[in-house]
Amino acid sequence: QVQLVESGGGLVQAGGSLRLSCAASGRTFSSYTLGWFRQAPGMEREFVAAISWTGSYYADLVKGRFTISRDNAKNTVYLQMNSLKPEDTAVYYCAADLPPYDSAWYDSRNKYDYWGQGTQVTVSS
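For every chain, the first residue of its written sequence is number 1, and the numbers climb from 1 along that sequence. Under the rules for a predicted model, residues below a pLDDT of 70 receive no local features and side-chain atom pairs below 80 are neither given nor counted, while totals for whole chains, interfaces and linings still include all residues. Processing note: side-chain calculations cover all non-hydrogen atoms of the structure and skip hydrogens and water entirely.

## A short note on the sheet that holds strand E3 (residues 18–24)
(1) Moving on: Pairing between strands requires that DSSP locate at least two bridges from one strand to the other. Only DSSP runs of H or I covering at least 4 residues are called helices, and only runs of E covering at least 2 are called strands; the numbering of each starts at the N terminus. Ordered by their spatial adjacency, 4 strands build an open sheet running E1-E3-E8-E7, and the pairing between neighbours is antiparallel. Both edges of this open sheet fall to strand E1 (4–7) and strand E7 (66–71), since each of them pairs with a single strand only. Adjacent strand axes in the sheet meet at a mean angle of 15 degrees when their direction is disregarded.
(2) Moving on: Examined bridge by bridge, E1 and E3 share 4 bridges and lie antiparallel to one another. From the neighbouring strand, Glu6 faces E3, where its bridge partner is Cys22. To get an axis, fit a line to the C-alpha atoms, keeping to the stretch in contact for a helix; angles then go from 0 to 180 degrees between the N-to-C directions.

Printed below as a string of structure tokens:
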């Protein structure tokens, strides 16, 4: 069983920045594929970014503004969010896919076996 705990959310003005963190349990963190998703009120949960041994992947809406990274020594994945917009307002969730990896693509919710509880990000105009 893997536990994921997000932190770093908050209220920020448009144009500002936030860095989200997600701390994971488990001894084989370096093998995890990790993703960030977000869900706005009344909307479907949508893909934001993912990182695996093959590279990093981004949704078009955040490409060039958000950066996903990981620190395997700290069992933590980060999401650096710059140039934030009001439409980025959502609850942000991190998720993990462990070996043997699901064959779904990185932007599919079905790929991920474990999810955190989420952290609220609110961007004011």
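Don't stop here, the text continues.
## What to know about the environment of Gly15
(1) Moving on: Relative to the assigned elements, Gly15 resides in the loop between strand E2 (10–13) and E3.
(2) Moving on: Counting along the chain gives 108 residues from Gly15 to Val123, while the straight-line C-alpha distance between them is 8.7 Å.
(3) Moving on: Between two residues, a contact is recorded if the distance between any of their heavy atoms is within 4.5 Å. Excluding its chain neighbours within four sequence positions, the residues that come into contact with Gly15 are Ser83 and Leu84.

## Notes on the nonpolar core
(1) Moving on: Working definition of a nonpolar core: buried Ala, Val, Leu, Ile, Met, Phe, Trp, Tyr and Cys residues. They are joined through side-chain atoms within 4.5 Å. Only protein chains enter the accessibility calculation, which uses a 1.4 Å probe; a residue is then buried when its area is under 20% of its type maximum, exposed when over 50%, and partly exposed in between. Residues Trp36, Leu79, Met81 and Tyr92 are the most contacted members of the largest nonpolar core, which totals 37 residues.
(2) Moving on: Only E3, strand E4 (33–39), strand E5 (46–52), E7, strand E8 (76–81), strand E9 (90–97) and strand E11 (119–124) provide two or more residues apiece to this core.

## A word on the environment of Gln120
(1) Moving on: For Gln120, the location among the structural elements is in strand E11.
(2) Moving on: Residues Gln120 and Tyr106, spaced 14 residues apart in sequence, show a C-alpha to C-alpha distance of 22 Å.
(3) Moving on: Ignoring any residue separated from it by four or fewer positions in sequence, one finds Gln120 in contact with Gly9, Gly10, Thr89, Ala90 and Val91.
(4) Moving on: Engagement of the side chain of Gln120 in a polar contact is seen with the backbone oxygen of Ala90, the distance being 3.4 Å. In protein, a polar contact means a hydrogen-donor-capable atom and an acceptor-capable atom, both N or O and within 3.5 Å, with residues adjacent in sequence counting only if both atoms are side-chain atoms; elsewhere, any N or O pair within 3.5 Å suffices.

## Focus: the pattern of salt bridges
(1) Moving on: One side-chain nitrogen of Lys or Arg within 4 Å of one carboxyl oxygen of Asp or Glu is enough to make a salt bridge. For the coordinates displayed, the defined rule picks out 6 salt bridges.
(2) Moving on: With a closest N to O distance of 2.9 Å, Arg38 and Asp88 form a salt bridge. Residue Arg38 is located in strand E4, and its partner Asp88 is located in the loop between E8 and E9; the two are separated by 50 residues in the primary sequence. Comparing Arg38 with Asp88 shows no difference in burial state: the two are buried.
(3) Moving on: Lys63 is the partner of Asp60 in a salt bridge, and the nearest nitrogen-oxygen pair spans 3.2 Å.

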